[in-house]
Amino acid sequence: MTTAPNTYTDLRPSGPAPTDAGYDVRRVRRDFPILAQKIHGKPLVYLDNAATTQKPQQVLDAIARYYSEDNANVHRGVHLLSERATEAYERARTIAQNFLNAARPEEIIFVRGTTEAINLVAQTYGRRNLAAGDEIIITAMEHHSNIVPWQMLCEEKGARLRVVPINDRGELQLEEYEKLLGPKTKLVAMGHVSNALGTINPVRRIIELAHQQGVPVLVDGAQAAPRMKVDVRELDADFYAFSGHKIYGPTGIGVLYGKASLLEAMPPYQGGGDMISSVTFEKTLYNKLPHKFEAGTPHMEGAIGLGAALDYVNRLGMENITAHEQDVLAYATEKVAALPGVRLIGTARQKTGVLSFVLEPIHPHDIGTILDQEGIAIRTGHHCAQPVMLRFGVPATARASFGLYNTREDVDALVRGLNRVREVFA
Amino acid sequence: MADLRDLYQEVILEHSKQPRNYRELGDANHKAEGYNPLCGDHFTVYLKLAGEKIQDVSFQGSGCAISKASASMMTQSVKGKTMAEAEKIFRQFHGLVTGAEHNGSQEELGKLAVFSGVSEFPVRVKCATLAWHTLHAALEGKQEAVSTE
């Protein structure tokens, strides 16, 4: 008889989860040991969550417990540890399946992150289905990771990249998208939420329009998955990708969701162990889904940590997280916009998580250095979205991005910090 | 703890607001472009060389206060110098901002010594040296844009 594998996600050192009655951000913060420290003598105010998020103790414990008690290679050992590791790894897949409301666990492919997920689709689905003269549609607000893999593919195939423009608020121009969609379109690839602007794109409508033309859609969910409920079946997304480290999990792990019918028809991404069912020098038979796309020993620790992170988010409740972040964003938007010299970059009516701005005439890099001295971590630069910077006529922006542990007090600290910036440059 | 005032000295702020020699040089015979992809800084350095001598130098572009002030003060410090002298100042300046050359000779630096605070802010070294790398490329007559990455 085998011992039941450890559950990695049942530890809550700080007590029970907040109830539906209220979101207790004070208690949530206690789950994140890194937040308790001081930076340059000031309490850390971490506002760089669109770049990466901090990890709760529950995730750290899950990883430590995996290595302390269950580590072995998955899918191949007959021994108990291998069985436990396999169960833990596959349980993480089921957690991710439920998180996205995917129909089947084998529609969840573990990858390194969103970037690898997009490259996987470009190199398998894309290479198989694109020919010279075909078109791929992206948007003007994409992260470089949802531009470059398609450019590489287009270059190889003689295909063409078409870009849906955005308006001055940073919203997609849907009517332009409809004009671009046509018989040459073979794929649409689009961010659910813009990392540089915070815009929430109407992906359901985008997908509906594409499907009317028989065109599949890949959604880059790196910024959406941590901030809002995602239901791939309700969206009818063909592919959906997100990264573990942006949703309070480890780096080096992410998820590619794909409809089983599409994944089945796609060639493998990489060759190696685990992705085969039999190998001879004459002929190799590929493994079934999802293993066909997971060559080599996988990132077991990462998947288990991601599973713990998704459990953590589920326990807090995505609706609560969304409502909390919207409150902090609304408060920050009002306070920061009121500062002299501030121009917000990205003022979409539907947005989340991200407050990008410039404080003229001070360069964002100088803002970042001065805020850091106040213990405040923000991102400055082009946010891997240089076309967005070009669209708004700025070389860079300062970006505060919020997570489930940020508070209105964090925003007050940011505003004090920005006033300090203005003093230095007065 | 590093002090902000060590980095943002008055003279640096003043140069960043009113950069000297900030123009295109019509009769330049060397020029180079420099980028810092991390923060989007982008400068062009123009040179008018007469033999070995830097007869005139100017710059244009956009960047943070440190990079702009550094470019401005660089143009002042190398104007009228020989190419070899300019390269020597660059080496000393580089030692100053990286904190690598505490004992080395820095007597050529003059006013550029105000950038010593940069060594306390390692991520800003690239800002302070961007214009100098660009000058170096212009002196060597390189056609490709230089990058600090």
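Residues numbered from 1 in each chain as written. Chains lettered and ligands numbered in written order. Predicted model: local features only at pLDDT ≥ 70, side-chain atom pairs only at ≥ 80, totals over all residues. Heavy atoms only, no water.

## So, the pairing of strand 6 (residues 160–164) of chain A
All names here are of chain A. Filter applied, for reference: When DSSP finds two or more bridges between two strands, those strands count as paired. The helix count covers DSSP runs of H or I at least four residues long, the strand count covers runs of E at least two residues long, and both are numbered beginning at the N terminus. We call a crossover right-handed when, viewed with the strands running away from us, the connection from the first strand over the helix to the second turns clockwise.
Where strand 5 (residues 135–139) and strand 6 come together, five bridges link them in parallel fashion. The residue of strand 6 that forms the bridge with Thr139 is Val164. The β-α-β motif built from strand 5, the intervening helix 5 (residues 148–157) and the parallel element strand 6 has right-handed crossover chirality.

## What about the confidence of the model for chain B?
All names here are of chain B. Stated formally: Per-residue confidence from the predictor is given as pLDDT, running between 0 and 100.
Within chain B, residue pLDDT values average 90, and 91% of them lie at 70 or more. Taken element by element, chain B is modelled with least confidence in strand 4 (residues 146–147), mean pLDDT 72, and with most confidence in helix 3 (residues 65–78), mean pLDDT 97. Across the assembled chains, the prediction reports ipTM 0.87 with pTM 0.91.

## Section: the sheet that holds strand 1 (residues 30–36) of chain B
All names here are of chain B. Keep this limit in mind: Should any heavy atoms of two residues lie within 4.5 Å, those residues are considered in contact. With axes taken as lines fitted to C-alpha atoms, and helix axes fitted only over the stretch in contact, angles between N-to-C directions fall between 0 and 180 degrees.
In space, the four strands of this open sheet follow the order 3-2-1-4, with mixed pairing throughout. Each edge of the sheet is formed by a strand with only one pairing partner; in this case those strands are strand 3 (53–62) and strand 4. For strand 2 (residues 41–50) and strand 3, the ladder comprises nine bridges, and the chain directions are antiparallel. When the sheet's bridge partners are listed, His42 is paired in strand 3 with Ser62. Against the sheet, helix 3 contacts strand 2 and strand 3, and its axis sits at roughly 170° relative to strand 3.

## So, the domain arrangement of chain A
Residues and elements named next belong to chain A. Put simply, the rule reads: The split of the chain into domains comes from an automatic or database domain assignment. Note: buried area is the sum, over both parts, of the accessible area (probe 1.4 Å) each one loses when the two are combined. N or O atoms closer than or at 3.5 Å make up a polar contact, with two conditions inside protein: a donor-capable atom paired with an acceptor-capable one, and, for residues adjacent in sequence, both atoms drawn from side chains.
Domains assigned within chain A are domain 1 (9–47 + 317–424) and domain 2 (59–315). Distance from the C-alpha centre of domain 1 to the C-alpha centre of domain 2: 27 Å. Facing the 42 residues of domain 1 at the interface are 37 residues of domain 2. Between domain 1 and domain 2, the buried area comes to about 3,200 Å², and carbon and sulfur atoms account for 56% of it. Across the domain 1-domain 2 interface, the total number found is 22 residue pairs in polar contact (both at pLDDT 80 or more).

## A look at the sheet that holds strand 7 (residues 185–191) of chain A
All names here are of chain A. Reading across the sheet, the seven strands line up as 4-10-9-8-7-5-6 and stay open at both edges, with mixed pairing between neighbours. A strand with exactly one partner marks an edge of an open sheet, and here the two such strands are strand 4 (108–111) and strand 6. Going from strand to strand, the sheet's axes swing by 20° on average, the running direction of each strand aside. Relative to strand 7, strand 5 is paired through three bridges, and the arrangement is parallel. Residue Glu135 lies in a different strand from strand 7, and its bridge partner there is Thr185.

## Description of the nonpolar core
Residue and element names in this part refer to chain A. We apply this condition: What we call a nonpolar core is a set of buried Ala, Val, Leu, Ile, Met, Phe, Trp, Tyr and Cys residues that are connected through their side-chain atoms within 4.5 Å. Throughout, exposure labels follow a simple rule: accessible area from a 1.4 Å probe, protein chains only, divided by the maximum for the residue type, with under 20% read as buried, over 50% as exposed, and the rest as partly exposed.
Counting 81 residues, the largest nonpolar core has Phe99, Leu100, Tyr177, Val188, Tyr240, Phe242 and Leu404 as the members making the most contacts within it. Per-element accounting of this core gives the leading share, 10 residues, to helix 10 (residues 300–316). Counting contributing residues, this core receives three or more from each of domain 1 (9–47 + 317–424) and domain 2 (59–315). Those residues in contact with Leu100 that lie beyond four places of it in its chain are Ile108, Val230, Asp231, Val232, Tyr240, Phe242, Val255 and Tyr257.

## Focus: helix 11 (residues 318–337) of chain A
Residue and element names in this part refer to chain A. The condition is simple: In this scheme, a helix's expected span is set at 1.5 Å multiplied by one less than its residue total. Along the arc lie the directions from the helix axis toward the C-beta atoms.
End to end, helix 11 covers 28 Å across 20 residues, agreeing with the expected 28 Å (1.5 Å per residue, within 8%). Those residues of helix 11 not exposed but buried are Met318, Ile321, His324, Glu325, Val328, Leu329, Tyr331, Ala332 and Val336. Looking straight down helix 11, one finds that the buried residues subtend no more than 170° of arc, so they occupy a single side. Helix 11 presents Glu319 and Glu334 as exposed residues on the side facing more than 90 degrees away from its buried surface. Against helix 1 (25–30), helix 3 (80–100), helix 10, strand 13 (342–344), strand 14 (354–359) and helix 14 (408–424) lie the buried residues of helix 11.

## A closer look at the pattern of salt bridges
Cut-off, in case you're wondering: Salt bridge, as used here: a side-chain nitrogen of Lys or Arg that lies within 4 Å of a carboxyl oxygen of Asp or Glu.
Considering all chains together, one arrives at 33 salt bridges over all chains under this definition. Between Arg391 of chain A and Asp168 of chain A there is a salt bridge, with the nearest N and O atoms lying 2.9 Å from each other. Taken together, the residues span a long stretch of sequence, with Arg391 of chain A in helix 13 (residues 386–391) and Asp168 of chain A in the loop between strand 6 and helix 6 (174–180) at a distance of 223 residues. Judged by its relative accessible area of 32%, Arg391 of chain A is partly exposed. Taking the shortest distance from any N to any O, the salt bridge between Glu14 of chain B and Arg20 of chain B comes out at 2.9 Å. When salt bridges with common partners are traced through the structure, they connect Lys42, Glu374, Arg420 and Glu423 of chain A into a single cluster.

## Focus on the interface of chain B and chain A
To keep things clear, this is the line we draw: Side-chain classes are defined by residue name, with Ala, Val, Leu, Ile, Met, Phe, Trp, Tyr, Cys and Pro counting as nonpolar, Asp, Glu, Lys and Arg as charged, and the others, Gly among them, as polar.
Opposite the 22 residues of chain B that make contact, chain A presents 17 residues. Interface area, chain B with chain A, both sides summed: about 1,500 Å², of which 58% is carbon and sulfur. Put simply, chain B and chain A have one salt bridge between them. Notably, a salt bridge pairs Asp366 of chain A with Arg124 of chain B, separated by 2.8 Å at the nearest N-O pair. In this assembly, chain B and chain A are joined by eight residue pairs in polar contact (both at pLDDT 80 or more). Elements represented by at least two residues in the side of chain B that touches chain A include exactly helix 1 (4–7), helix 2 (10–17) and helix 3 of chain B. Among the elements that take part in the side of chain B that touches chain A, helix 1 of chain B stands out by supplying three residues, more than any other. Looking at the side of chain B that touches chain A residue by residue, the classes come out as 15 nonpolar, three polar and four charged.

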